[in-house]
Amino acid sequence: MGTNHLFAKIKLQAKNTCALHHSIGHSWFQAIEPEFKKPYFGELSQFLGSERSKSTIFPPEHLVWSWTHFCDIQNIKVVIIGQDPYHGPGQAHGLCFSVLKGVPPPPSLVNIFKELASDIDGFNIPKHGNLTGWAKQGVLLLNAGLTVRSGAANSHKDKGWETLTDAVIQWISSNCQGVVFLLWGAFAQKKALVVDKKKHHLLNAPHPSPLSAHRGFLGCKHFSKCNELLLKQNNTPVDWSKLPIE
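Residues numbered from 1 in each chain as written. Predicted model: local features only at pLDDT ≥ 70, side-chain atom pairs only at ≥ 80, totals over all residues. Heavy atoms only, no water.

Here the focus is unusual backbone geometry. Here the residue pair Phe58 and Pro59 is connected by a cis peptide bond, since its omega of -10° sits within 30 degrees of zero. Within the secondary structure, Pro59 is located in the loop between β1 (57-58) and β2 (78-82). Despite not being glycine, Asn154 has its phi angle at roughly 60°, a positive value. With respect to the element layout, Asn154 can be found in the loop between β4 (148-149) and α7 (161-175). We note that Lys221 has phi near 55°; this positive angle belongs to a residue other than glycine. Considering the arrangement of structural elements, one finds Lys221 in the loop between β6 (201-205) and α9 (222-232). Its relative accessible area of 38% is what places Lys221 among the partly exposed residues. (Helix = DSSP H or I, 4+ residues; strand = E, 2+ residues; numbered from the N terminus. Buried < 20%, exposed > 50% of the residue type's maximum accessible area, 1.4 Å probe, protein only.)

Next comes the structure, spelled out in structure tokens:
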């Protein structure tokens, strides 16, 4: 089946859910195309259609796949894994830990900025929480689940998103080389069990949430360590300060 025909088929399947046919980046679509033909994805689409018909779902449909638009999948060099999107109004926009302009940075992101200010010379904490500047440099900010019901954390857990995002991680592990995975908390560390440790770098630390940040996230120096690893393999380091307002 040609790509155009497959897009049309998925358009019907995903109608009123996540508008997959036009909102997923081309390189990502090609990489994980087989997932869209599997039964679980059809069930997920039906579930999302039902959820959107009766509840407010975050992020908005047009932003569910925004993480696939800033960098081609084969050019990913850093992966940060979150659990599910923020469930407050106006927060989630498809990148884990990131919020749109005008939305106060949530507590975990505040702690991420604190660690950056301590770890990276010249890093000034921005007055916003939009992390698309990292995504454009090849940092994948991936939530395990891509949608959530308003005000209900983990409400779309175990509905199929985790299977799809596992496929994303497995593709990167198999097809890329020397990717640095910044794994914060037990959930992210478990999610990355499929990563080939002989090909990639895994840096573990507690989650940056206020409940655990002082147990080792603050002071972990993951951002400078990440850049050291990238430089050692002749890759361009991440400019963590490059966070223009989108």
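Across the five residues of β2, five count as buried, placing the element largely inside the fold. When β2 meets strand β3 (residues 139-143), the two strands line up parallel, connected through five bridges. From the neighbouring strand, Ile81 faces β3, where its bridge partner is Leu142. When β2 meets strand β5 (residues 180-184), the two strands line up parallel, connected through three bridges. In the sheet register, Val78 faces β5, and the bridge partner there is Val180. (Pairing = 2+ DSSP bridges.)

Turning to the side chain of Lys77, a few remarks are in order. Here Lys77 is to be found in the loop between β1 and β2. Nearest to the buried, unbridged Lys77 among oppositely charged side chains is Asp239, at 10 Å. One polar contact links the side chain of Lys77 to the main-chain carbonyl oxygen of Gln137, over a distance of 3.5 Å. In this structure Lys77 touches Gln137, Gly138, Gly178, Val179, Val180, Leu230, Asn235, Thr236, Pro237 and Val238, once residues within four positions along its chain are discounted. (Lys, Arg positive; Asp, Glu negative; His and termini not counted. Salt bridge = Lys/Arg side-chain N within 4 Å of Asp/Glu carboxyl O. Polar contact = N/O pair within 3.5 Å; in protein donor to acceptor, adjacent residues only side chain to side chain. Contact = heavy atoms within 4.5 Å.)

Below, the discussion takes up the packing of aromatic side chains. Applying the stated criterion across every chain yields a total of 13 aromatic pairs. An angle of 35° between the planes, with centres 6.1 Å apart, marks the rings of Phe113 and Phe123 as tilted. Taken as a pair, Phe113 in helix α5 (residues 107-119) and Phe123 in the loop between α5 and α6 (132-135) lie far apart in primary sequence, ten residues in all. Both residues of the pair, Phe113 and Phe123, belong to the buried class. An aromatic cluster of three or more residues is present, and its members are Trp28, Phe29, Phe36, Phe41, Trp65, Trp67 and Trp161. (Phe/Tyr/Trp six-rings, centres within 6.5 Å; stacked < 30°, edge-to-face > 60°.)

When pLDDT is averaged along the chain, the result is 91, and 91% of the positions lie at 70 or above. Considering only residues more than four positions removed or in separate chains, one finds that residues 1-21, a stretch of pLDDT under 50, has 37 contacts. (pLDDT = per-residue confidence, 0-100.)

Another aspect to go through is the UniProt feature "active site" (unreviewed entry) in the chain. The UniProt record annotates "active site" (unreviewed entry) at Asp84. As for its placement among the helices and strands, Asp84 is situated in the loop between β2 and α5. Setting aside its immediate chain neighbours within four residues, Asp84 contacts Asn143, Gly145, Val148, Ala153, Asn154 and Ser155. Side-chain polar atoms of Asp84 contact the backbone nitrogen of Asn154, separated by 2.7 Å. (UniProt positions renumbered as here; feature names shortened; annotations may be inferred.)

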